[in-house]
Amino acid sequence: MSSKERPTLGGTRIKTRKRNIAAPLDPSTFADAVGQIYIEHAGDLELIARDIDASDLDFSRYGDTFFEVVLTGGRNQPGTTKPEEGERQPYSVLNCEARRQNILPYVLYIQKIIRRRPFLIKSLENVLRRQLQSLELYEREDRTRLAIFTALTFSQKLSGLPPETIFSALLKDSLVAKGTVLGFITDVFKEYLVENSFDDLIALLKRAKIEDNLLEFFPMQKRTSEAFAEHFSKEGLGMLVEYNKKKVFDVKLKETKDALTDQIAENADMVEVIESVKQRCKESGLPDVDVVRTVWTALMDAVQWSGKNQQQNINLALRQVKTWGKLLGAFSTTAKLEMELMYTIQTYCYEDAKLMKLFPEIIHALYDQDVLAEDTVLTWFRKGSNPKGRQTYVKGLEPFVKWLEEAEEED
């Protein structure tokens, strides 16, 4: 063997690993094939659905392309509404009249396709998100078509289409700043309410996780409760305005209660606590009746209840009432508010097992601190209107009321 020759293994075959050679993507050919089916049947969606169902087109690879053809008639260039190469079929969603009765058949047609191919719901989500993120590139009438289509997809409950990802696609700064998004979601809400209740709309907003964040769809300079009310009232969505007012009110009430609970738990100075609550109520515009209820709830929430020791819980509750009675008195300043306090305590004791039998003692303690007037207690006893546990509590309060009546006769 020559010194320059290299040794070899004679008769040995060197094996090579076989590779999966993926066919190159060809969305143009797919789009042309789908478009041809549309053209052959002149936009008859029943016949189109039948042929598509019988075809051997690769929807698993070209699902996004399919929905681009359905919505716009053909493929779009990325980030634009301009068509890619190839003819657009004229029977798309964006080519029909911008009316509910014209767009609904397309939604039902998609529903039929997705029932046979459930995996396509993700492609519909992808394409719809891209369309919504390009709203500024469309004319007003095309945006209306997309709003009607979006509302109908949720109204017809297309299985698996997540409202959270669809609505979040609209939170694009440039779209929001120009007011494009606000106009769009307004059209969606109005269209959705054509055949759904207001409660259904709220349920949709909750699933989309935007129920508490609707102001994010307003341009920055208009993110106020006043602008919200003005816009949706003008658009005939007064129920949404009232709902939002209540949501804002509930948030303010909860913030007040939480802050007060913390102050009580920390045993803050009584005068400071009262002034703090008054300031919050003034800034938030909270009604006196709701303030009385909130103060009582905060008072009870601040108690460190014992797990199973019923007598200890009773002692804790009475100690809290006696310690913070002046706080309750600071906001129960009229006969009406005193009565509201009694009703609130009555309901609370009725609904909380550990305080069920404590109502008479609490009322007596508040009377001793001049929080409740004699007339208020007697009025509640004789003709109170809250039925929760009333019969039991009237019986429990009888000795105290009898003492009050005897003292009144002596006077």
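Residues numbered from 1 in each chain as written. Predicted model: local features only at pLDDT ≥ 70, side-chain atom pairs only at ≥ 80, totals over all residues. Heavy atoms only, no water.

Visitor: How should helix 6 (residues 140–155) be read in this particular structure?
Guide: Residues spaced three or four apart along an α-helix point in a common direction, a consequence of the helix completing one turn every 3.6 residues. The end-to-end C-alpha distance of helix 6 is 22 Å, a good match for the 22 Å that 16 residues give at a rise of 1.5 Å each. With 14 of 16 residues buried, helix 6 lies mostly within the body of the structure. Taken from the residues just after helix 6, Lys 157 is the one with a positive phi, measuring 55°. (Helix = DSSP H or I, 4+ residues; strand = E, 2+ residues; numbered from the N terminus. Expected span 1.5 Å × (residues − 1). Buried < 20%, exposed > 50% of the residue type's maximum accessible area, 1.4 Å probe, protein only.)

Visitor: Looking at this model, I keep getting lost on the packing of helix 1 (residues 27–40) against helix 3 (residues 59–72). Mind explaining?
Guide: Contact pair helix 1 / helix 3: the axes reach a minimum separation of 9 Å and the direction vectors enclose 55°. Viewed along their axes, helix 1 and helix 3 adopt a mutual orientation that is oblique. Crossing of helix 1 against helix 3: the hand is right-handed. Mapping the contact onto sequence places Pro 27, Phe 30, Ala 31, Val 34, Gly 35 and Tyr 38 in helix 1 and Phe 59, Tyr 62, Thr 65, Phe 66, Val 69 and Val 70 in helix 3. Its residues placed into classes, the contact of helix 1 with helix 3 shows 10 nonpolar, 2 polar and no charged. (Axes fitted to C-alpha atoms, helices over the stretch in contact; angles between N-to-C directions. Parallel < 35°, antiparallel > 145°, perpendicular 65-115°, else oblique. Left-handed = near helix turned anticlockwise from the far one by under 90°. Contact = heavy atoms within 4.5 Å. Nonpolar A, V, L, I, M, F, W, Y, C, P; charged D, E, K, R; others polar.)

Visitor: It is not clear to me how the pattern of salt bridges should be interpreted in this structure. Could you clarify?
Guide: Two side chains with opposite charge may pair up if their charged atoms get near one another. In this structure the tally under the stated criterion is 29 salt bridges. Residue Arg 293 is joined to Glu 340 by a salt bridge in which the shortest nitrogen-to-oxygen separation is 2.9 Å. Of this pair, Arg 293 sits in helix 14 (residues 288–301) while Glu 340 sits in helix 17 (residues 335–351), and the two are 47 residues apart along the sequence. What makes Glu 340 buried here is its relative accessible area of 16%. Overlapping salt bridges, with partners in common, bring together Lys 254, Lys 257, Asp 258 and Asp 301 in one network. (Salt bridge = Lys/Arg side-chain N within 4 Å of Asp/Glu carboxyl O.)

Visitor: Sorry, what's going on with the packing of aromatic side chains here?
Guide: Applying the stated criterion to the full structure yields 17 aromatic pairs. Aromatic side chains Tyr 38 and Tyr 109 sit 6.2 Å apart centroid to centroid with 85° between the ring planes, which places their arrangement in the edge-to-face category. Taken together, the residues span a long stretch of sequence, with Tyr 38 in helix 1 and Tyr 109 in helix 4 (residues 100–116) at a distance of 71 residues. Judged by its relative accessible area of 3%, Tyr 109 is buried. Between the aromatic rings of Tyr 367 and Trp 403, the centroid separation amounts to 6.4 Å while the plane-to-plane angle is 85°, which identifies the pairing as edge-to-face. (Phe/Tyr/Trp six-rings, centres within 6.5 Å; stacked < 30°, edge-to-face > 60°.)

Visitor: Where do I start with unusual backbone geometry in this structure?
Guide: Comment: phi is negative for the bulk of residues other than glycine, and the bulk of peptide bonds are trans. Despite not being glycine, Lys 157 shows a phi value in the positive range, around 55°. One can find Lys 157 in the loop between helix 6 and helix 7 (163–168). We note that Lys 209 has phi near 60°; this positive angle belongs to a residue other than glycine. Relative to the elements of secondary structure, Lys 209 occurs in the loop between helix 10 (198–207) and helix 11 (225–234). Overall, Lys 209 belongs to the exposed group, its relative accessible area being 57%.

Visitor: Sorry, what's going on with the confidence of the model for the protein chain here?
Guide: Interpreting fine coordinate detail is not advised for predicted regions of low pLDDT. Per-residue confidence for the protein chain gives a mean pLDDT of 89; residues scoring 70 or more make up 91%. In the predicted structure, residues 16–23 sits below a pLDDT of 50 and forms 1 contact with residues beyond four places in sequence or in another chain. (pLDDT = per-residue confidence, 0-100.)

Visitor: Is there a simple way to think about the packing of helix 2 (residues 45–54) against helix 4 in this case?
Guide: For any two helices packed against each other, one specifies the inter-axial angle together with the distance between the axes. Two numbers describe how helix 2 lies on helix 4: the axes approach to 10 Å, and their chain directions differ by 20°. In this view, helix 2 runs roughly parallel relative to helix 4, as classed from their interaxial angle. In this structure, helix 2 meets helix 4 at a crossing whose hand is right-handed. Where helix 2 abuts helix 4, its residues Leu 45, Glu 46, Ile 48, Ala 49, Ile 52 and Asp 53 lie against Pro 105, Tyr 106, Tyr 109, Lys 112, Ile 113 and Arg 116. Within the contact of helix 2 with helix 4, the residues separate by chemical class into 8 nonpolar, no polar and 4 charged.

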